[in-house]
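Structural overview
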Amino acid sequence: MKKISTQLLSAFTLLLVLLASCSKSNEFTVKGIVSGADGETIYFENVGISAVTTLDSAKLSADGKFKFQRKATPYPEFYRLRLNKQFINVAIDSTETVKLIADAGTFATSYTVEGSESCKAIKDITLAQLDANMEISKLRKAYGAKEIADSTYRTKVLEAAEAYKTVAKKYIFSAPMSAAAYFALFQQIDGLLFFDLYDKADSRAYGAVATSYDHYYPESPRSKHLHNLALQSIKVLRGQRPINFDNIKTEEVSFLDIELPTITGEMSKLSDLAKGKVVLVNFTAYQAEWSPALNMELGKIYTNHHSSGLEIYQISLDSDAHFWKNAASNLPWMCVRDPQSVYSQAAALYNVKQLPALFILDKNGNLVKRVENIGTLEASIKGLL
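Worth saying up front: this structure is predicted, and the values here are computed from it rather than measured.

1. A few points about the overall build of the protein
Across its full length, the protein carries eleven helices and 17 strands. Residues counted as buried form 45% of the 385 residues belonging to the protein. For the protein, the proportion of contacts with a sequence separation of at least 24, taken over those separated by at least 6, is 62%.

So this is what it looks like as structure tokens:
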């Protein structure tokens, strides 16, 4: 009996070890060292399709070591490490161990990564995105200070965006089923995607990644999301003729109507506001650094000319509805928000490539001008009034 009991105990112990081993084999690990961050807290977050969720955190000691473990998904999933306002993005393909070494001062840019080719690719993509953002921010400051001409500004901004897309396309078209391809497709500047869902060339990138995710990861929520976006892109490209604002004859054009919710939740139609009025249509993002200065300028123009028949219909593409409501609550003109944010069909139909974008409708409801220079805006409005 004693011998049998010993055998049963051994078998039970072995079973527990095997179960523990199986449990561990279904987890991934993200670990590393952050120097110069003694006493700081590092956060581990899941980057979902529409929200970022904090999963875990660790207070760093003098040695800077951290370690996070979570259950792996059967498809690529995205996470990030957050230290203060800096982020390192990581993609997890399987039950892998990703090791990162970083310094607190250059946490987001100068880290090294081992154990994941996807994470190495994501670093490359992130640096290209940061370069484009820095270049475009520099161009905006120069343009605001009137140091460069309109045409130069537009050309240089497009060149900076294209430089990012050149890096991104390398990952998208060489391995469209990869986590890096998906990550590259959805990088943004000021809340807008580099890859335009309604641009014919960019639509092919969405289609390539969507098709691959449908095939390799049919159970992933991102696959369905991508599939719907690709179909929406194809539908709009087939059904809408591109608007060329440089070749429009004023007397032949009527504006494309928009109906979106206000901060109180009521629906507001552009056509209702435009009857017998000169209307400035503004696509914007309240969270962008240039937004306060733009709204101050619009406020001056609105105060000077509202009594003469000027209205402003301002469309927010912010993803954060709460932030938008707070920012818009004190503005005197019509403020609406497109919940589609960067996938806004209204913005696509108006051929909005970058923010802010401004259009003027005359009293007869004709779209007469796309404003390229904020400095000429008031003069253009006065002429129509």
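What follows continues from the structure just given.
2. Description of the pattern of salt bridges
For the coordinates displayed, the defined rule picks out eleven salt bridges. One salt bridge connects Asp202 with Lys165, and the closest N-O pair in it is separated by 2.9 Å. Taken together, the residues Asp202 in helix α5 (residues 200-216) and Lys165 in helix α3 (residues 150-174) connect sequence positions 37 residues apart. In this pair, the class of Asp202 matches that of Lys165, namely buried. Between Asp272 and Lys275 there is a salt bridge; the shortest N-O distance is 3.9 Å.

3. Thoughts on a positive patch on the surface
Together, Lys31, Lys65, Lys67 and Lys99 give the surface a local cluster of positive charge. One can find Lys99 in strand β7 (residues 97-103).

4. Some details on the sheet that holds strand β14 (residues 310-316)
Across the sheet, which stays open at both edges, the five strands sit in the order β15-β14-β13-β16-β17 with mixed pairing between neighbours. Each having just a single partner strand, β15 (334-337) and β17 (367-371) make up the two edges of the open sheet. Each adjacent strand pair in this sheet contributes to an overall mean axis angle of 20°, direction not counted. As judged from the four bridges shared by β14 and β15, these two strands associate in the parallel manner. Within the sheet, the bridge partner assigned to Ile315 lies in β15 and is Val336. Running at roughly 160° to β14, helix α8 (residues 291-305) makes contact with β13 (278-284), β14 and β16 (357-361) of the sheet. Here helix α11 (residues 377-384) sits on the sheet and contacts β13, β14, β16 and β17; the angle it forms with β16, its principal contact strand, is near 15°.

5. A closer look at the pairing of strand β2 (residues 41-47)
One ladder, built from seven bridges, connects β2 with strand β3 (residues 52-59); its direction is antiparallel. Across the sheet, residue Phe44 finds its bridge partner in β3, namely Asp56. Taking the residues between adjacent antiparallel strands as the criterion, β2 and β3 are bridged by four residues. Note: β2 against strand β5 (residues 77-83), five bridges, orientation antiparallel. Looking at the pairing, Tyr43 lines up with Arg82 of β5.

6. What about the packing of aromatic side chains?
Summed over the entire model, instances satisfying the criterion amount to 18 aromatic pairs. Here Tyr182 and Phe186 contribute two aromatic rings whose centre-to-centre distance is 4.8 Å and whose plane-to-plane angle is 40°, an arrangement assigned as tilted. With respect to class, Tyr182 is no different from Phe186; both count as buried. Here the aromatic rings of Tyr302 and Trp333 are separated by 5.7 Å at their centres, their planes lie at 65°, and the arrangement is edge-to-face. Within this pair, whereas Tyr302 is found in helix α8, its partner Trp333 is found in the loop between α9 (321-328) and β15, the two being separated by 31 residues in sequence. As far as burial versus exposure is concerned, Tyr302 and Trp333 are alike and both buried. Following the ring pairs from residue to residue traces out a cluster consisting of Phe78, Tyr182, Phe183, Phe186, Tyr206, Tyr213, Tyr216 and Tyr217. Its end group placed over the ring of Phe195, Lys165 keeps NZ or CZ at 5.5 Å from the ring centre.

7. Observations regarding the sheet that holds β5
Across the sheet, four strands lie side by side as β3-β2-β5-β6; this open sheet has antiparallel pairing. Edge positions in the sheet fall to β3 and β6 (86-92), since each of these pairs with one other strand and no more. The sheet shows a mean angle of 25° between the axes of neighbouring strands, taken without regard to direction. Sheet strands in contact with helix α2 (residues 117-144) are β5 and β6, and its direction is about 140° off that of β6.

Rules of the game
- Each chain carries its own residue numbering, running from 1 in the written order of its sequence.
- Restriction of local features to residues with pLDDT of at least 70 applies here, the model being predicted, together with a cutoff of 80 or more for giving and counting side-chain atom pairs; totals for whole chains, interfaces and linings are based on all residues.
- In computing side-chain properties, one takes all heavy atoms of the structure into account and sets aside hydrogens as well as water.
- Here a strand is any run of E in DSSP of at least two residues, a helix any run of H or I of at least four, and the numbering for each starts at the N terminus.
- Each residue is assigned to one of three classes by its accessible area relative to the maximum for its type, calculated with a 1.4 Å probe on protein chains only: buried under 20%, partly exposed between the two thresholds, exposed over 50%.
- Contact definition: two residues touch when any of their heavy atoms are within 4.5 Å.
- Salt bridge, as applied in this entry: a Lys or Arg side-chain nitrogen positioned within 4 Å of an Asp or Glu carboxyl oxygen.
- A patch consists of residues exposed above 30% relative accessible area that lack any salt bridge, with like charges linked at up to 9 Å and nonpolar side chains (Val, Leu, Ile, Met, Phe, Trp, Tyr) linked at up to 5 Å.
- Accessible surface area values rest on a Shrake-Rupley calculation with a 1.4 Å probe, where residue burial reflects the displayed protein chains alone.
- A residue counts as positive if it is Lys or Arg and as negative if it is Asp or Glu; His and the chain ends are not included.
- A charge is said to be at NZ when it belongs to Lys, at CZ for Arg, at CG for Asp and at CD for Glu.
- Note on pairing: two strands pair once DSSP finds at least 2 bridges between them.
- To obtain each axis, a line is fitted to C-alpha atoms, and for helices this fit is confined to the stretch in contact; angles are then taken between N-to-C directions over 0 to 180 degrees.
- Any pair of Phe, Tyr and Trp rings, taking the six-membered ring for Trp, is counted once the centres come within 6.5 Å. Such a pair is stacked with planes under 30 degrees apart, edge-to-face with planes over 60 apart, and tilted for the rest.
- Whether a charge sits over a ring comes down to the Lys NZ or Arg CZ being within 6 Å of the ring centre and within 35 degrees of the ring normal.

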